[in-house]
Amino acid sequence: MLTQDKKLLLIGQVTDISGIPIRTIRYYESLGLIKSSRRTEGGFRQFSLDVLTRLAFIKRAQNLGLSLEEIGNILQVYDQGQAPCGEIKEKLEDKVLQIDQQIDQLLTLRSEIEGLLSGWKNMGDHHEDTICPIIQNTSHTIDKNLCNR
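All values derive from a computational prediction rather than experimental measurement.

(A) Structural detail: the overall build of the chain. Looking only at helices and strands, the chain has 6 helices and 3 strands in total. The proportion of buried residues among the 149 residues of the chain is 23%. Within the chain, contacts between residues at least 6 apart in sequence are counted, and of these 45% link residues at least 24 apart.

(B) Geometry of helix α4 (residues 68–79). Taking 1.5 Å as the rise per residue, α4 with 12 residues should run 16 Å; its terminal C-alpha atoms sit 16 Å apart, in good agreement. When we look at burial in α4, the residues that qualify are E70, I71, G72, I74, L75 and V77. Those residues of α4 hidden inside the fold are in contact with α3 (50–63) and α5 (85–118). Count one or two residues on from α4 and you reach G81, which has phi positive near 85 degrees.

(C) A look at the sheet that holds strand β2 (residues 38–39). With antiparallel pairing, 3 strands are arranged side by side in an open sheet as β1-β3-β2. Looking at which strands have only one partner, the edges of the open sheet turn out to be β1 (8–10) and β2. Where β2 meets strand β3 (residues 45–48), 2 bridges bridge the pair, whose relative direction is antiparallel. Pairing of R38 across the sheet is with Q46, part of β3.

(D) Geometry of a nonpolar patch on the surface. The grouping of L106, L109, I113, L117 and W120 at the surface amounts to a nonpolar patch, some 510 Å² of accessible area in total. Along the chain, the position of L117 falls in helix α5. Classification of L117 by relative accessible area gives exposed; the value is 54%.

(E) Highlighting the environment of G119. Considering the arrangement of structural elements, one finds G119 in the loop between α5 and α6 (144–147). Look at G119 and you get partly exposed, because its relative accessible area is 23%. Separated by 15 residues in sequence, G119 and I134 have C-alpha atoms that sit 7.1 Å apart.

(F) Inspection of the nonpolar core at higher detail. One finds V14, I25, I34, F47, L55 and I58 to be the most contacted residues of the largest nonpolar core, which totals 18 residues. Mapped onto this core, the elements with two or more residues apiece are α1 (11–18), α2 (22–31), α3 and α4. The element that contributes the greatest number of residues to this core is α3, accounting for 4 residues.

(G) How the structure looks around the pattern of salt bridges. All told, the structure shown has 5 salt bridges when counted by the stated rule. Put simply, R45 and E29 hold a salt bridge, and the shortest N to O gap is 2.4 Å. Remark: E29 occurs in helix α2 and R45 occurs in strand β3; sequence separation between them is 16 residues. By the burial criterion, R45 is buried, and E29 matches it.

(H) Layout of the packing of α3 against α4. Between α3 and α4, the shortest axis-to-axis distance is 10 Å and the interhelical angle comes to 140 degrees. As the angle between them shows, α3 and α4 are arranged oblique. Handedness of the α3/α4 crossing: right-handed. Between α3, through R54, F57, I58, A61 and Q62, and α4, the contact on the second element is made entirely by L68, I71, I74, L75, Y78 and D79. Of the residues belonging to the contact of α3 with α4, the class tally is 8 nonpolar, 1 polar and 2 charged.

Conventions adopted
Residues numbered from 1 in each chain as written. Predicted model: local features only at pLDDT ≥ 70, side-chain atom pairs only at ≥ 80, totals over all residues. Heavy atoms only, no water. Helix = DSSP H or I, 4+ residues; strand = E, 2+ residues; numbered from the N terminus. Buried < 20%, exposed > 50% of the residue type's maximum accessible area, 1.4 Å probe, protein only. Contact = heavy atoms within 4.5 Å. Expected span 1.5 Å × (residues − 1). Pairing = 2+ DSSP bridges. Patch = residues over 30% accessible without salt bridge, like charges linked within 9 Å, V, L, I, M, F, W, Y side chains within 5 Å. Areas by Shrake-Rupley, 256 points an atom, 1.4 Å probe, with all protein chains shown as cover. Salt bridge = Lys/Arg side-chain N within 4 Å of Asp/Glu carboxyl O. Core = buried A, V, L, I, M, F, W, Y, C linked by side-chain atoms within 4.5 Å. Axes fitted to C-alpha atoms, helices over the stretch in contact; angles between N-to-C directions. Parallel < 35°, antiparallel > 145°, perpendicular 65-115°, else oblique. Left-handed = near helix turned anticlockwise from the far one by under 90°. Nonpolar A, V, L, I, M, F, W, Y, C, P; charged D, E, K, R; others polar.

So, in structure tokens, the structure goes:
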């Protein structure tokens, strides 16, 4: 009895199943995130079914904020036969810290913008040397007298 080769998928089939564009699949392959098993006589890439699991992992990791470089490092650990969960946990903990910093920055920005908007009704006369007095805070405006010295 002959053994049958594992089912291989053409790149178009991988795209249809995964929803990931061919161009992206080629890009991931160029980065080493995925590998084609072989090529057909016509030169078309063929992938084993496990590429679908890898692509799903890559997309999920990207959605969680991991970069392709970080994902590549995780996949290298996996490809060496080790569980990369500890490394993933560290990276996700770092992402949480980054998100907290971004939230703080956004809250500060929001407060600043709300302060500017609250002064909108109190806006005085428009001066020729300003574009918008609300944004051009007097502490940031160049004193023309200093420039004329």
